[in-house]
Amino acid sequence: MITLLLFAELAERLNTKEMQIDASGKSLKEVKEMVKEQHEGIAHVIDQSMIAVNEEYAEGTEVLKDGDVIAFIPPVSGG
Amino acid sequence: MENLYEITRDPISIEAIVKKVEHPHAGAINTFIGTVRELTHGKRTIYLAYEAYESMAVKKLAQIGEEIKKKWPDTRAAITHRIGQLKISEIAVVIAVSTPHRNDSYEASRYAIERIKEIVPIWKKEHWEDGEKWMGDQLEKVAYPTGKPPKGDE
């Protein structure tokens, strides 16, 4: 299983900050599409988001393994 | 070893952040203080709520510090960002940069705040009298077709 962390608008719209996903062996891009299909209402926010794997920004081609923690990072607005 | 890069829920002491970058080789310390603005394009903010992916945010603040050291040698940087609910005029972020010569301190300080707005996972929700909205600087300024933010030029 991998852990998906959600923040800001994504966490609010899905009413959760964390999801467990059976996605070992899948690529980041595949996981992104999977979550978008399951939650169509927030697909556009996911499309605007960056993705981090284990606290580092990652490309879509990366293949996930058990225990990975990924995060959808909606457009940031610190400062 | 004190922490140069922090996310906090408490009010930030400017003095404490400045202290972290004091150094005999420094000829300048520049501080940037980001505060909560009441009016944005005529819209009145009541308060802001900041949220962060804390562990990653600290790492990304440290990365900015490393980028600064490469670009401006002998620079020391410390950054603290506050999260939670903030009222008008409260301090959201303090950046302190010390450098041997003053010009670099201005440039490095500016670089730090711009990079925060690009790569640090912190989000701001504006609360108005008639509504609320999560803000996103990436939307206003930069697109990330690859899903990754731009690298600092290394």
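Residues numbered from 1 in each chain as written. Chains lettered and ligands numbered in written order. Predicted model: local features only at pLDDT ≥ 70, side-chain atom pairs only at ≥ 80, totals over all residues. Heavy atoms only, no water.

Looking at an unreviewed UniProt entry, chain B carries the name Molybdopterin synthase catalytic subunit, with the source organism given as Alkalihalophilus pseudofirmus. Among the UniProt annotations of chain B, the heading Catalytic activity (unreviewed entry) holds the following wording: "2 [molybdopterin-synthase sulfur-carrier protein]-C-terminal-Gly-aminoethanethioate + cyclic pyranopterin phosphate + H2O = molybdopterin + 2 [molybdopterin-synthase sulfur-carrier protein]-C-terminal Gly-Gly + 2 H(+)". The Subunit (unreviewed entry) comment attached to chain B in UniProt states, word for word, "Heterotetramer of 2 MoaD subunits and 2 MoaE subunits. Also stable as homodimer. The enzyme changes between these two forms during catalysis." (UniProt positions renumbered as here; feature names shortened; annotations may be inferred.)

An unreviewed UniProt entry annotates chain A as Molybdopterin synthase sulfur carrier subunit of Alkalihalophilus pseudofirmus. Here chain A is described in UniProt, under the heading Subunit (unreviewed entry), as follows: "Heterotetramer of 2 MoaD subunits and 2 MoaE subunits. Forms a stable heterotetrameric complex of 2 MoaD and 2 MoeB during adenylation of MoaD by MoeB. During catalysis MoaD shuttles between the two heterotetrameric complexes."

Caption draft 1: Quick look at the overall build of chain A. Scanning chain A from terminus to terminus reveals 3 helices and 5 strands. Each helix (α) and strand (β) of chain A, taken in turn from the N terminus, gives the series β-α-β-α-α-β-β-β. Nonlocal contacts in chain A, meaning residues at least 24 apart in sequence, comprise 53% of its contacts between residues at least 6 apart. As displayed, chain A has an accessible area near 3,600 Å², and 47% of this comes from carbon and sulfur atoms. (Helix = DSSP H or I, 4+ residues; strand = E, 2+ residues; numbered from the N terminus. Contact = heavy atoms within 4.5 Å. Areas by Shrake-Rupley, 256 points an atom, 1.4 Å probe, with all protein chains shown as cover.)

Caption draft 2: Region of the structure containing the interface of chain B and chain A. Across the contact, 35 residues belong to chain B and 25 residues belong to chain A. Summed over both sides, the interface between chain B and chain A buries roughly 2,500 Å², with carbon and sulfur atoms accounting for 55% of that surface. Linking chain B to chain A there are 4 salt bridges. Where B:K60 meets A:E56, a salt bridge forms, and the shortest distance between an N and an O atom there is 2.7 Å. (Buried area = accessible area lost by both parts, 1.4 Å probe. Salt bridge = Lys/Arg side-chain N within 4 Å of Asp/Glu carboxyl O.)

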